Amino acid sequence: MNEAKARMGLGGTDWRRSLLDVFSRRGVRGTGYGLVVVFFIFLVLLPTLFVLSYLFTGWNDIQTVVLADPAKMDIIWNAIGLSFGVAFFVTFLDLIFGLPLAWFIVRRNFRGKSLLNTIIDSPLAVPTAGLGISVVLFWGVIPNLANRPAGAWSLFGGTSSPFWILVLLHLTTTFPYMVRSLAAILDEIDLEYETAARISGASKLTAARTITLPMFRSGLATGAILCLAKALSETGGVMAALTLISGRVLDENSALNGTALIGVWKGSYDAGTSALLPALTFVSVLMILFSLLLLVLVKVLTLKFHIPWKKVWPSAEARLSKGAAPRVRDGATFFFLAIMVLVPSFFIAAYMATSSPTQGVDWGMFTNGLLLSFGIAAAATAVDLLLGIPLAVLIARGKFKRLGGILDTLVNIPYIVPSAALGLSLGFFYRNMGIRGFDILLVTLAHVAFTFPFVVRNVVGGLEGLDRGYEDTARTLGARPFQAFRKIIFPLIKPSILAGAIMAFTRSIGETGATISVSGNVQTAPVLIVNYIKQDPSTLRPRDLYTAGLLIAVLSIVTFVAILLMRFVTRRRRKNA
Amino acid sequence: MPNIFLRGIAKRFDGRIAIDHIDLEVKNGEYMAILGPTGAGKTTLLRMIAGLTQPDEGDVLIGGKDVTKLPPEERELAYMSQTYSLFPHLHVWDNVRFSPEVKGLPPTDTDRLAREMLLLVGLLDRRDAYPKELSGGMQQRTALARALAAGTNVLLLDEPLRALDARLRIALRLSIRKLCKDLGVTALHVTHDQEEALLVADRVAIIRHGKIEQLGLSRQVYNDPVGPFVAQFLGEADFFLGEVDVVTQEKTLLHSKTRHWEARPSKLHPGQDACLAVKSENVRVLKDGEDAVNTFEAEVTRRLFLGKFIGLEMTSAETTLPVKVRLRAEEGEQIKEGSKVRLAVEPRNFMVFPIPPGGLAKELEVE
């Protein structure tokens, strides 16, 4: 033993140990964390919120050009009204139908459960621009497309209402999020409580309503925030859908929501209408502020708000708990899932199957778009990991708990801010700093900003679920903080890191709004999809729709594989825990 | 000299006192147990020595060197947590090799050390297993081997036997002590199990509300407790109240409203209120017609069969607290619930303490 100890004293000779010594010094570590925080603030947070500064610097312009112009204000309020109206209504529907579905998944044991889970997640694989097209093909009026496959539209002629088409679109983009968050929390609530209530004489419905539901308010909050943010943020799918149902190029007089308005005005601004700047920034500022306000409101409301029905109707609830009622409920839920979510999401496949491949697909643009998408997503994910992991460590394990809490909240902001507004803000930020050109770099930075929360959230979650005893023990056994991370923490939270990386990657691949609002010149695959639809909607050419469909297929397959991969690694994480 | 020396160490959590200015010395090669009820501050104390928690005040010295400001990895000690914290993604072999490896020992020495330690705990043949494939006892031994392979001479054990079932706990506690003694390791063993503490340690420190109540050899803390709390916490004790009349070299004489008591000598002065304590096994049940000093009557309310022993719970006019007596099974066979018995306490077994500041009942609370 003493001999061993004597040798340990001699252990520090090779260069790797000296390097380790340097990295383990408190000062060096502190500086490292400081740098990460600085990067987060200057690369993610400030660019995301930069446009807000225009409220002060450009207030005069806003007053004279925007506030004083009732026509402009009408456009802005209509767009914002449509955005929030759709977001609330969709979130409401998601809740109504997501709750029984989540319940079904968590509380029932049946064969093919994991298949059902995968199916519910599958719309997430389709880029939202693709969902926009697909949903309209199923539900909507398309004035300029002959020869389309029969869908729900053939029953009633199809809807041309912007509100309804956006609601239908966002059901496909948000429903999986709602089911996921509700199921995740439900899974953690001990069944014991409900069993105890049932044994005390409560019917299934009464027990669920009075015991379990109040316990997962935080799940409701998470689900609602995810859905609201997603619905408010979406740009590409919205522009594609609105273009298709109106049959003409979108302009400020079309029915638009907030993000589409940003997209349209940004297009005109880029084309030289510089007088639009105050209106463009003002609508972005409003979208950002309202979204942040909404985030706070939902959080406070769901935590303060008690589900108010303490009253119990024993016989009525008992009757609803068995027999036909639960079957009707489950039937309605699955009908909703199939008709409102799954079929519309993949209906483009029906179009692809019934129309013939046509000549003249521009394969150069096609492959360039895909390469660009994957390249940007890979680069953004790499930056996310590089900065996100240390930041997550700081949040979950830092000495200053308050700093961790503040960072934890700030990290969510880029997720809440509608990505079109985020892209615009970021573009202005870097142009203001004198950086011009480098469009691809700026787009990548925008993608870093809105994907960053995925990595940090997941890694923080992984760290919080990890027993601190492992690190403590590793340290007492002689491991430097860096060694403890590399040899113990990292291998144990790898599934969380991977899950975060895959989420960030897939989100980046499907993004349109942030990309076009940073730069009109970076034609990633989802941007191409929207452009195919929008360039000349009055003569919507089957070739363009077909090429868009091909792009959607490639992106969907890649993303779907990524989702399967994520399910695989997260399942392994659960097994190890 | 790998002794542990704590000087005025104190810690608060959110304003609540966890450790209240403790001074403590663990001698070189000593095996000391820290014993106390849940929430007494035992684990906090251990974590401050290990460097996992920073004390608000005071110093930690190991081998004469002030390590208060050093991070855990530079303190040259080994720590074993309640749950062992075996690294789940590493084999037994790599778990045990962890410490020498991160300390930069040459691979040959690392392997030799790991082999020796696994041999010592009898797990060399399970070196390729993952921790979750091992039984509780094996996990505990792996954790011990890993701690010992750190090559340090100070071992901190936080409830090392807690997660094991009763029989295994009894089997393993002496083997930990033997290993430490064989290797000449200074050990600090935290536990809430009094029997374990008394059995395994050279000296026992009884800690409560963040303070050391008493420190001494197992025999001392059991037979000569410093106050009612320790008297009751180790084993079981009965309490009576009285007022001191006379204190001499041989004994203390006291009285209550109803009677006189004769007890051990004490440092109390005449006129002072006192509490008398006796370990349950030192209360004698008198046979019919037998006479003794300090006799009193009690009525049996409960009779508990404990295998080798019979436990009796009684009420008596002499005290408001229940009187507990422990008899050998054959002695207690005849005594039924509801029957009246005469009890006696030999003066040399009767301890005298001043009334604790918060009153006796509060003092005896085990939270």
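Bear in mind that the values here come from a model prediction, so they are computed numbers and not experimental data.

A look at the overall build of chain B
Link 1 in the chain: Scanning chain B from terminus to terminus reveals ten helices and 20 strands.
Link 2 in the chain: Across its three principal directions, the C-alpha atoms of chain B cover 75 × 45 × 35 Å.
Link 3 in the chain: The buried share among the 367 residues of chain B stands at 51%.
Link 4 in the chain: For chain B, contacts bridging at least 24 residues in sequence account for 66% of all contacts bridging at least 6.
Link 5 in the chain: Within the structure as shown, chain B displays about 16500 Å² of accessible surface, and the carbon and sulfur contribution to it stands at 51%.
Link 6 in the chain: One way to put it: in chain B the 49 positive side-chain charges average out to a point 2 Å from where the 53 negative ones average out.

A short note on the side chain of A:Thr444
Link 1 in the chain: Within the secondary structure layout, A:Thr444 lies in helix α22 (residues 439–464).
Link 2 in the chain: For A:Thr444, a relative accessible area of 11% translates into the label buried.

Focus: the environment of B:Phe296
Link 1 in the chain: Within the element layout of this structure, B:Phe296 appears in strand β16 (residues 295–305).
Link 2 in the chain: Once the C-alpha coordinates of B:Phe296 and B:Gly359 are considered, the two residues, 63 residues apart in sequence, prove to be 24 Å apart.

Description of the sheet that holds strand β4 (residues 57–62) of chain B
All names here are of chain B.
Link 1 in the chain: As summarised here, the arrangement of the four strands in space is β2-β1-β4-β5, forming an open sheet in which the pairing is antiparallel. Of all the strands in the sheet, the pair left with one neighbour each is β2 (16–26) and β5 (65–66).
Link 2 in the chain: As paired elements, β4 and β5 share two bridges and run antiparallel to each other. Within β5, the position partnered with Leu61 by the bridge is Asp66.
Link 3 in the chain: Packed onto the sheet, helix α1 (residues 42–50) meets β1 (4–13), β2 and β4 and runs at close to 120 degrees relative to β1.

Digging into the sheet that holds strand β6 (residues 78–80) of chain B
Residue and element names in this part refer to chain B.
Link 1 in the chain: One open sheet accounts for six strands, arranged β6-β7-β8-β3-β9-β10; its pairing is mixed. At either margin of the open sheet sits one strand with a lone partner, and together these are β6 and β10 (211–217). The sheet shows a mean angle of 15 degrees between the axes of neighbouring strands, direction not considered.
Link 2 in the chain: By the bridge criterion, three bridges tie β6 to strand β7 (residues 154–158) in an arrangement that is parallel. Within β7, the residue paired with Tyr79 across the bridge is Leu156.
Link 3 in the chain: Together, β3 (31–35), β6, β7, β8 (186–191) and β9 (203–208) form the strand contacts of α1, whose direction differs from that of β7 by roughly 150 degrees.

Describing the pairing of β4(B)
All names here are of chain B.
Link 1 in the chain: Inspection of the sheet shows β1 paired to β4 by five bridges, in the antiparallel sense. Note that in β4 the partner of Arg7 across the bridge is Asp59.
Link 2 in the chain: The turn linking β4 back onto β5 is made up of two residues, and Gly63 within it adopts a positive phi angle of 60 degrees.

Comments concerning the packing of aromatic side chains
Any pair of aromatic rings gets described here by the distance separating the centres and the angle formed by the planes.
Link 1 in the chain: Within the structure shown, the criterion is met by 27 aromatic pairs over all chains.
Link 2 in the chain: Here the aromatic rings of B:Phe240 and B:Phe350 are separated by 5.8 Å at their centres, their planes lie at 85 degrees, and the arrangement is edge-to-face. Taken together, the positions of B:Phe240 in strand β11 (residues 237–247) and B:Phe350 in the loop between β19 (340–345) and β20 (351–354) put the pair 110 residues apart, joining distant regions of the chain.
Link 3 in the chain: Given a relative accessible area of 1%, B:Phe240 falls into the buried group.
Link 4 in the chain: Classification of B:Phe350 by relative accessible area gives buried; the value is 0%.
Link 5 in the chain: These aromatic residues form a ring-pair network of at least three members: B:Phe240, B:Trp261, B:Phe296 and B:Phe350.
Link 6 in the chain: Here the basic side chain of A:Arg107 rests over the ring of A:Trp103, its NZ or CZ set 5.5 Å away from the ring centre.
Link 7 in the chain: The aromatic ring of B:Trp261 is capped on one face by B:Arg259, whose charged end is 3.9 Å from the ring centroid.

Basis of the calculations
- Residues numbered from 1 in each chain as written.
- Chains lettered and ligands numbered in written order.
- Predicted model: local features only at pLDDT ≥ 70, side-chain atom pairs only at ≥ 80, totals over all residues.
- Heavy atoms only, no water.
- Helix = DSSP H or I, 4+ residues; strand = E, 2+ residues; numbered from the N terminus.
- Buried < 20%, exposed > 50% of the residue type's maximum accessible area, 1.4 Å probe, protein only.
- Contact = heavy atoms within 4.5 Å.
- Areas by Shrake-Rupley, 256 points an atom, 1.4 Å probe, with all protein chains shown as cover.
- Lys, Arg positive; Asp, Glu negative; His and termini not counted.
- Charge placed at Lys NZ, Arg CZ, Asp CG, Glu CD.
- Pairing = 2+ DSSP bridges.
- Axes fitted to C-alpha atoms, helices over the stretch in contact; angles between N-to-C directions.
- Phe/Tyr/Trp six-rings, centres within 6.5 Å; stacked < 30°, edge-to-face > 60°.
- Lys NZ or Arg CZ within 6 Å of the ring centre and 35° of its normal.

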